[in-house]
Number of protein chains: 2
Amino acid sequence: MIVQQELNDFINTTKQLIQQELQKRLQNLDIPERLKNSMLYSIRAGGKRMRPVLLMASYEAYHHDREKALSAALALEMIHTYSLIHDDLPAMDDDDLRRGQPTNHKQYDDATAVLAGDALLTFGFEVIAADAYLTSEEKVQLIQLLSEASGPKGMVAGQMLDMEAEKKPVTLAELETIHLNKTGELFRFAIHSGAYLSGATAEQLAYLDQFAHYLGLIFQVQDDILDVSGDPEKLGKPVGSDNENEKNTYVRLLGLEGAASMKQDYVQKAYDALYGANAETSLLKSLTDYFSNRDH
Amino acid sequence: MIVQQELNDFINTTKQLIQQELQKRLQNLDIPERLKNSMLYSIRAGGKRMRPVLLMASYEAYHHDREKALSAALALEMIHTYSLIHDDLPAMDDDDLRRGQPTNHKQYDDATAVLAGDALLTFGFEVIAADAYLTSEEKVQLIQLLSEASGPKGMVAGQMLDMEAEKKPVTLAELETIHLNKTGELFRFAIHSGAYLSGATAEQLAYLDQFAHYLGLIFQVQDDILDVSGDPEKLGKPVGSDNENEKNTYVRLLGLEGAASMKQDYVQKAYDALYGANAETSLLKSLTDYFSNRDH
């Protein structure tokens, strides 16, 4: 079993590495200042860097040399950041604040935010294609997985379904489809590509895909639970907003106890999948608990 | 010398192939209906399919089997189409019509148009990564070239510079920088990647990059000339709009005659580059004349 200190060290070290490398790659671009500043602004806004942390944890479940997994982790965080910038636009969710700071289009303007998102999305693929440590076969596999996960079949589909479901009731199955696309696909890429790069077998990869499936759902259920019962201080935002916005959530569909019990069920299934993948002693297990019990 | 009929046949056959394949690839996607319809709407709106035509012509200057160049041509047109959808948004150029039809966000809504653009951009990279005819090395090279050409160092930079230059006078050098990024980079990708796939040498590729440089400028100068002296019937839009919008154009900076003479100079330089690339008898030469003399 991984002790709490080891997990925290891993998360902090990985976050630092990702933050530093993202800034370096963007700083080095010889591009219009306003575009660069706008890209850097959203990259610096930070956040939990959960997806790169998962990718690195999945990689290190079987392997130990970090260099090979870095460009996939950077591309993943760039694409996640682009999706936040576009989601916040007035045309989409029209959010003024993210993590307590003005959203990209509030800090710059709508046009710049559209372009900064487009640029981060495109640059993500370039970072993998230009990597110095991966073989061509590995690059192609990563780019195919990442474009599938983030494009019209994956994250963009989820965003579309989410917009269409706004303010109308959905079934539990429909809610899961939205989340599996909107956030689950990038989680799956993180887990799958990390393990792929470290040489996991096809059987292990199949188990890890199952694990990622449940991990994404655990993350989302806990998100919905925190919006009802979380501590506004720790969350950095008021609670109860989902209810006010008539958002479709697990708590709304199942009640608070029902959601908590569904989460426990998912945690057990995630453990089982890790066991199948011979990764039950890895950081991934501690990260499952961390996601399930997080208070922000 | 290629006769006019041969050129027209090549253009029409290529347009048909591209149109048909783009539709097929998008139709086959199992994605939310509204997202698919919105992507198809802009893909079907058509246009000259100039970039795929150039890519295919460049490929066939040295080689004859079309299959290998197809996915690069499709990705290129998808990325060009995404850029039009995002450029037309209210946050950007705020255009209601494109090629006589409602723009994507007018036909659907702003959110759908943002997502359709994001989806086409991402799917473009997937189409290359998943191609059945290319080696992994070729895929990586194409993806790197295309992401560089269309991302923050290329097309997105051009769009940013263009927005910043709006309604303030620019120098001829600044105008060229905008065009070389905004449209020139995708032209260069078309010419370069077609020749690369057909096995052109490094020396030939260097000459063809020069050729693409001038071809992009010829295209843009003619665009500016047509806006002043074109036939509104053939153009499908009123003339004189650049002047009304105080747009920076070659005609504004050099006068109509000055722009025409600069275009002739570029045509000669494009010919010279084709000669250096041993491609002076190819379709590319006819396409240069076609671009230079086009009336719409």
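Calculation notes
- Residues numbered from 1 in each chain as written.
- Chains lettered and ligands numbered in written order.
- Predicted model: local features only at pLDDT ≥ 70, side-chain atom pairs only at ≥ 80, totals over all residues.
- Heavy atoms only, no water.
- UniProt positions renumbered as here; feature names shortened; annotations may be inferred.
- Helix = DSSP H or I, 4+ residues; strand = E, 2+ residues; numbered from the N terminus.
- Buried < 20%, exposed > 50% of the residue type's maximum accessible area, 1.4 Å probe, protein only.
- Contact = heavy atoms within 4.5 Å.
- Areas by Shrake-Rupley, 256 points an atom, 1.4 Å probe, with all protein chains shown as cover.
- Lys, Arg positive; Asp, Glu negative; His and termini not counted.
- Charge placed at Lys NZ, Arg CZ, Asp CG, Glu CD.
- Least-squares fit on C-alpha atoms with pLDDT ≥ 70 in both.
- Salt bridge = Lys/Arg side-chain N within 4 Å of Asp/Glu carboxyl O.
- Phe/Tyr/Trp six-rings, centres within 6.5 Å; stacked < 30°, edge-to-face > 60°.
- Lys NZ or Arg CZ within 6 Å of the ring centre and 35° of its normal.

Per an unreviewed UniProt entry, chain A goes by the name Polyprenyl synthetase family protein and belongs to Lentibacillus kimchii. The annotation that UniProt attaches to chain A under Cofactor (unreviewed entry) is "Mg(2+)". Per its UniProt entry, chain A bears the Sequence similarities (unreviewed entry) comment "Belongs to the FPP/GGPP synthase family."

Points about the overall build of chain A
Counting secondary structure elements, chain A contains 14 helices and two strands. In terms of overall dimensions, chain A has a C-alpha envelope of 50 × 50 × 35 Å along the principal axes. The burial tally for chain A puts 56% of its 296 residues in the buried class. Relative to all contacts within chain A whose residues are 6 or more apart in sequence, the contacts with residues 24 or more apart total 72%. If you sum the accessible surface of chain A, you get close to 11,900 Å²; carbon and sulfur atoms cover 46% of it. Chain A carries 28 positive and 45 negative side-chain charges, and their two centres are separated by 2 Å.

Re the relation of the copies chain A and chain B
Superposition record for chain A on chain B: RMSD 0.0 Å, screw rotation 180 degrees, translation along axis 0.0 Å. Classification of the inter-copy transformation places it as that of a two-fold axis. Distance from the rotation axis, computed per C-alpha, reaches its smallest value in chain A at Ser136 of chain A: 2.7 Å.

What about the pattern of salt bridges?
Under the counting rule described, the total for this entry stands at 24 salt bridges over all chains. The shortest N-O distance in the salt bridge between Arg294 of chain A and Asp223 of chain A comes to 3.0 Å. You can see Arg294 of chain A sitting in the segment after helix H14 (283–293) and its partner Asp223 of chain A sitting in helix H10 (residues 202–229), a full 71 residues away along the chain. According to the relative accessible area criterion, Asp223 of chain A is partly exposed, its value standing at 30%. In this structure, Arg25 of chain B and Glu21 of chain B form a salt bridge, with 3.2 Å as the shortest nitrogen-oxygen distance. Taken as a pair, Arg25 of chain B and Glu21 of chain B lie in helix H1 (residues 4–27) at a separation of four residues, close to a single helical turn. Accessibility expressed as a relative area gives 25% for Arg25 of chain B, which makes it partly exposed. One network of salt bridges, with partners in common, ties together Glu21, Lys24 and Arg25 of chain A.

Quick look at the packing of aromatic side chains
Inspection of the entire model under this criterion finds 13 aromatic pairs over all chains. Centroid distance Phe187 of chain B to Phe291 of chain B: 6.0 Å. Interplanar angle 70 degrees. Geometry classified as edge-to-face. One end of the pair, Phe187 of chain B, is in helix H9 (residues 172–197); the other, Phe291 of chain B, is in helix H14 (residues 283–293), and 104 residues separate them in sequence. Judged on exposure class, the residue Phe187 of chain B and its partner Phe291 of chain B are both buried. Ring pairing ties together the aromatic residues Phe187, Phe219, Tyr290 and Phe291 of chain A, which thus form one cluster. The residue whose ring lies beneath Lys285 of chain B is Tyr271 of chain B, and the NZ or CZ to ring-centre distance is 4.6 Å.

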